[in-house]
Amino acid sequence: MKDAAAAPGPLMMLRYLTTILFAIAANVLLQAPALAGYPDHIVKIVVPFAPGGGTDAVARTLAQEMQKDLGVTIIIENKPGAGTIIGTQSVATSPADGYTLLMATFANAVNPSLYRKLPYDAHKDFAPVALVARSFNVVVVNPASPIKSIADLIAAAKADPEKLSYGTYGTGTSAHLAGELFKHMASVNLTTVPYKGAAPAITDLMGGQIQVMFTTVASCASLVEAGQLRAIGVTSAERSASFPQLPTVSEAGVSGYAAESWYGLYAPANTPSEVIDRLNKSAAKAVQAEAFKRLSVNEGLVMVAQPPAELDRYFAGEEARWRKVIQDAGIKAE
């Protein structure tokens, strides 16, 4: 009898359930206006590089166009350092509210393989928003060089394995790994010469100190046009509209070769799906703007603005592919 008396009665249970349901409903009502009103103040895109580079240009153009659609100011915060780790970590630890975003690049996919330990998890700490654009490198040589094609480059490297060198501008950069992938797939040896940036490497290429570079469109296009460099191929899987006359490295003799750079927008993990969807739609609209059409020519970009799931899939594929290249070449972060 004592146990029966202690058990909650139907009326008490009804009150208990009513209280729980009321709390859940109140929570939903509190969140709904916040999501419906997103965004209602400044949005920040963190660029983990110094101002002035290709990533900065893409991010600023994206911000300029997205703010027209979202109706709020979007600012760029440059946080360079430690191979993009400093800026990337700052977004990983930011509130998951859609007001702090990351412009991620090729570096985000290769850093987990270059560094023994990162202060963030490249998968668990971020929510993909949109794969914004893909790019490629151009294979360039000195215009006085006897190397006039990818086939010539392979033949010269095989004829004298110790003679040819290629310039890079940082361990694990696209310029570096594109060269390492070429060496592996073409079965040739090229001596790697590191520089602190594209400009000094290109200066030495024009001066004859190195023989070849796998460099960005932005860093070489005007020099190729002026005849100060000779372009012999592009590293993309398909021919580029920026250099339609140039064959891909794959069609020029290294079957299956492709090395891309890319730009993807991320938010901190657990950002509400409604916010992610709003940002993705805005990014997709932004890349259709005239400003991006001009940028795509200058930077050799292919604008895509694909959905979050595609960025997630693409990132995983890039991470796995470059991990093998890095491990096979024994590359470690400096």
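Here the structure is a predicted model, which means the values were calculated and not measured.

## Focus: the overall build of the chain
Now for step 1: Summing up its helical and strand segments, the chain has 12 helices and 10 strands in all.
Now for step 2: Counting only residues that meet the buried cut, the chain has 48% of its 334 residues in that class.
Now for step 3: Surface accessibility of the chain: about 16,000 Å² in total, with carbon and sulfur atoms responsible for 57%.

## Let's talk about helix α7 (residues 174-186)
Now for step 1: Taking 1.5 Å of rise per residue, the 13 residues of α7 would be expected to cover 18 Å, and the 18 Å separating its terminal C-alpha atoms lies within 8% of that figure.
Now for step 2: Counting buried positions over the 13 residues of α7 gives 11, a clear majority of the element.
Now for step 3: For α7, every residue scored as buried is listed here: Ser174, Ala175, His176, Leu177, Ala178, Gly179, Glu180, Leu181, Phe182, Lys183 and Ala186.
Now for step 4: Downstream of α7 by a residue or two, serine 187 has a phi angle that is positive, lying close to 55°.

## Looking at the pattern of salt bridges
Now for step 1: Scanning all chains against the criterion turns up 14 salt bridges.
Now for step 2: The partner of arginine 134 in a salt bridge is glutamate 260, and the shortest N-O contact between them spans 3.1 Å. Placement of arginine 134 in strand β4 (residues 126-141) and of glutamate 260 in strand β9 (residues 260-268) is noted, with a sequence separation of 126 residues between them. Comparing arginine 134 with glutamate 260, the two get one shared label, buried.
Now for step 3: One salt bridge connects arginine 313 with glutamate 310, and the closest N-O pair in it is separated by 2.6 Å. Pair noted here: arginine 313 and glutamate 310 are both in helix α12 (residues 308-329), with a separation of 3 residues, about one helical turn.

## Remarks on the nonpolar core
Note on soluble globular proteins: their nonpolar side chains tend to be buried together.
Now for step 1: Phe182, Tyr257 and Trp262 are the most contacted members of the largest nonpolar core, which totals 47 residues.
Now for step 2: In terms of residue count, the dominant contributor to this core is α12 (6 residues).
Now for step 3: Excluding residues that lie within four positions of it along the chain, tryptophan 262 makes contacts with Ala104, Thr105, Phe106, Ala109, Leu131, Ala133, Arg134, Leu311, Tyr314, Phe315 and Glu318.
Now for step 4: Val43, Leu70, Ala130 and Leu279 belong to the second-largest nonpolar core, a separate cluster that totals 34 residues.

## Focus: the confidence of the model for the chain
Now for step 1: On average, residues of the chain score 89 in pLDDT, and 89% of them are at 70 or above.
Now for step 2: Under a pLDDT of 50 for its full length, residues 1-7 has, in the predicted model, 0 contacts with residues more than four places off or in other chains.

## Thoughts on the packing of aromatic side chains
Now for step 1: Considering all chains together, one arrives at 10 aromatic pairs under this definition.
Now for step 2: For the ring pair tyrosine 38 and tyrosine 99, a centre distance of 5.1 Å and an interplane angle of 65° mean the geometry is edge-to-face. Note that tyrosine 38 is positioned in the loop between α2 (10-36) and β1 (43-47) and tyrosine 99 in the loop between α4 (85-92) and β3 (100-105), a separation of 61 residues in sequence.
Now for step 3: Using a relative accessible area of 11% as the deciding quantity, one classes tyrosine 99 as buried.
Now for step 4: Ring plane angle 75° and centroid distance 6.3 Å describe the contact between tyrosine 266 and phenylalanine 315, whose orientation is recorded as edge-to-face. On the criterion of sequence distance, the pair formed by tyrosine 266 in strand β9 and phenylalanine 315 in helix α12 is long-range, its members being 49 residues apart. Side by side, tyrosine 266 and phenylalanine 315 carry an identical accessibility label, which is buried.

## What about the environment of serine 240?
Now for step 1: Position of serine 240 relative to the elements: it lies in the loop between β8 (230-234) and β9.
Now for step 2: Separated by 62 residues in sequence, serine 240 and valine 302 have C-alpha atoms that sit 8.6 Å apart.
Now for step 3: In terms of polar contacts, serine 240 uses its side chain to reach the backbone amide nitrogen of serine 242, at 2.9 Å.

Cut-offs used in this document
The numbers attached to residues start from 1 for each chain and follow its sequence in the written order. Per-residue local features of the predicted model are confined to residues with pLDDT of at least 70, and side-chain atom pairs are confined, for both listing and counting, to 80 or more; whole-chain, interface and lining totals are unaffected and use all residues. The side-chain figures draw on all heavy atoms in the structure; neither hydrogens nor water molecules are used. Secondary structure elements follow DSSP: runs of H or I of four or more residues count as helices, runs of E of two or more count as strands, with numbering from the N terminus. Summary of the burial criterion: residues with accessible area below 20% of their type's maximum are buried, those above 50% are exposed, and those between are partly exposed, where the area comes from a 1.4 Å probe applied to protein chains only. Accessible surface is estimated by sampling points in the Shrake-Rupley manner with a 1.4 Å probe; for residues, cover comes only from the protein chains shown. To estimate the expected span of a helix, subtract one from its residue number and multiply by 1.5 Å. When a carboxyl oxygen of Asp or Glu lies within 4 Å of a side-chain nitrogen of Lys or Arg, that pair is called a salt bridge. What makes a nonpolar core is a set of buried Ala, Val, Leu, Ile, Met, Phe, Trp, Tyr and Cys residues whose side-chain atoms join them at distances within 4.5 Å. For this analysis, residues touch if any pair of their heavy atoms sits within 4.5 Å. A score from 0 to 100, pLDDT tells how confident the predictor is in each residue. Only the six-membered ring of Trp is used, alongside the rings of Phe and Tyr, when aromatic pairs are assigned; centres must lie within 6.5 Å, and planes under 30 degrees apart are stacked while those over 60 apart are edge-to-face, with the rest tilted. Each polar contact in these results corresponds to two N or O atoms within 3.5 Å; when the atoms are within protein, one needs to be able to donate a hydrogen and the other to accept it, and residues that are neighboring in sequence are counted only if both atoms are side-chain atoms.

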